[in-house]
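Below are the chains, spelled out letter by letter.
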Amino acid sequence: MAECNLIPGIASISGKLGKVLFKTFTRSDGTSVTRVYRTDARTKRCSPPSERELAHRSLFGRICSEVARRQRNGDTRPKKIIWDEVSRTLQ
């Protein structure tokens, strides 16, 4: 991790460019700091996903499938509204 100074006029930068990841954090005092991270194949997860994490992934997949099914069947409401409705019924 490294901190970088941005040129004047650029308030923040976030995202990935090649193998470099830029993140801008806002501190509690209101100032922001930009950090730079390397992302290579060596940065892999060390521990297996927990039971709770697997449950959340499964729930997310079920919600996605149901939202897509409803949209295919002609539901013209915004996706966020459908998502909220489905997530309330599946939890």
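Every chain's residues receive numbers from 1 upward, in the order its sequence appears when written. Totals for whole chains, interfaces and linings use every residue, but because this is a predicted model, local features are given only for residues with pLDDT of at least 70 and side-chain atom pairs only at 80 or more, for both listing and counting. Values reported for side chains reflect all heavy atoms of the structure, with hydrogen atoms and water molecules removed beforehand.

1. Let's talk about the confidence of the model for the protein chain
For clarity, the threshold we go by: The predictor attaches a confidence to each residue, called pLDDT, with possible values from 0 through 100. Counting from the N terminus, the helices are the DSSP runs of H or I reaching at least four residues and the strands are the DSSP runs of E reaching at least two.
Averaged over all residues, the pLDDT of the protein chain equals 87, while 92% of them reach at least 70. When mean pLDDT is taken per element in the protein chain, helix 1 (residues 51–72) scores highest with 96 and strand 1 (residues 2–4) scores lowest with 63.

2. So, the nonpolar core
For the record, the criterion: In plain words, nonpolar cores are sets of buried Ala, Val, Leu, Ile, Met, Phe, Trp, Tyr and Cys residues tied together by side-chain atoms within 4.5 Å. Each residue gets one of three labels from its accessible area relative to the maximum for its type: buried under 20%, exposed over 50%, partly exposed in between, using a 1.4 Å probe on protein chains only. Any two residues whose heavy atoms approach within 4.5 Å are treated as being in contact.
Leu59, Ile63, Val67, Ile82 and Val86 form the largest nonpolar core, which has five residues in total. Counting residues per element, the ones that place at least two in this core are helix 1 and helix 2 (79–90). Counting residues per element, this core draws most heavily on helix 1, at three residues. With sequence-adjacent residues up to four places away left out, Leu59 is seen in contact with Leu90 and Gln91.

3. A word on the side chain of Ser87
Just so we agree on the cut-off: Counting of polar contacts relies on pairs of N or O atoms within 3.5 Å, with two restrictions inside protein: one atom must be capable of donating a hydrogen and the other of accepting it, and residues adjacent in sequence are counted only when both atoms are side-chain atoms.
By the secondary structure assignment, Ser87 is in helix 2. By relative accessible area, which is 13% here, Ser87 ends up buried. Side-chain polar atoms of Ser87 contact the backbone oxygen of Asp84, separated by 3.0 Å.

4. What to know about the pairing of strand 3 (residues 20–26)
As a reminder of what qualifies: When DSSP finds two or more bridges between a pair of strands, those strands are recorded as paired.
Across three bridges, strand 2 (residues 15–17) lies against strand 3 in antiparallel orientation. Bridge pairing in strand 3 links Lys16 to Leu21. Hairpin remark: strand 2 followed by strand 3, antiparallel, with two residues in the connecting loop; positive phi at Gly18, about 65 degrees. Relative to strand 4 (residues 32–38), strand 3 runs antiparallel, the two sharing seven bridges. Looking at strand 4, one finds that Thr24 is bridged to Thr34. Remark: five residues form the turn of the hairpin made by strand 3 and strand 4, two consecutive strands paired antiparallel; Gly30 in that turn has positive phi of roughly 95 degrees.

5. Considerations on helix 2
For clarity, the threshold we go by: Working rule for helices: expected span equals 1.5 Å times residues minus one.
Between its terminal C-alpha atoms helix 2 stretches 16 Å, which fits the 16 Å expected from 12 residues at 1.5 Å a residue. Buried positions along helix 2 lie against helix 1.

6. Some remarks on the packing of aromatic side chains
Spelled out, the test is: Two rings belonging to Phe, Tyr or Trp (six-membered ring only in the last case) form a pair when the distance between their centres is within 6.5 Å. Interplanar angles under 30 degrees mark stacking, angles over 60 mark edge-to-face geometry, and anything in between is tilted. Working rule: Lys NZ or Arg CZ, within 6 Å of ring centre, within 35 degrees of ring normal, means a charge sits over the ring.
Within this structure, the stated rule accounts for one aromatic pair. A cation over a ring is seen here: Lys23 above Tyr37, with NZ or CZ 5.8 Å from the ring centre.

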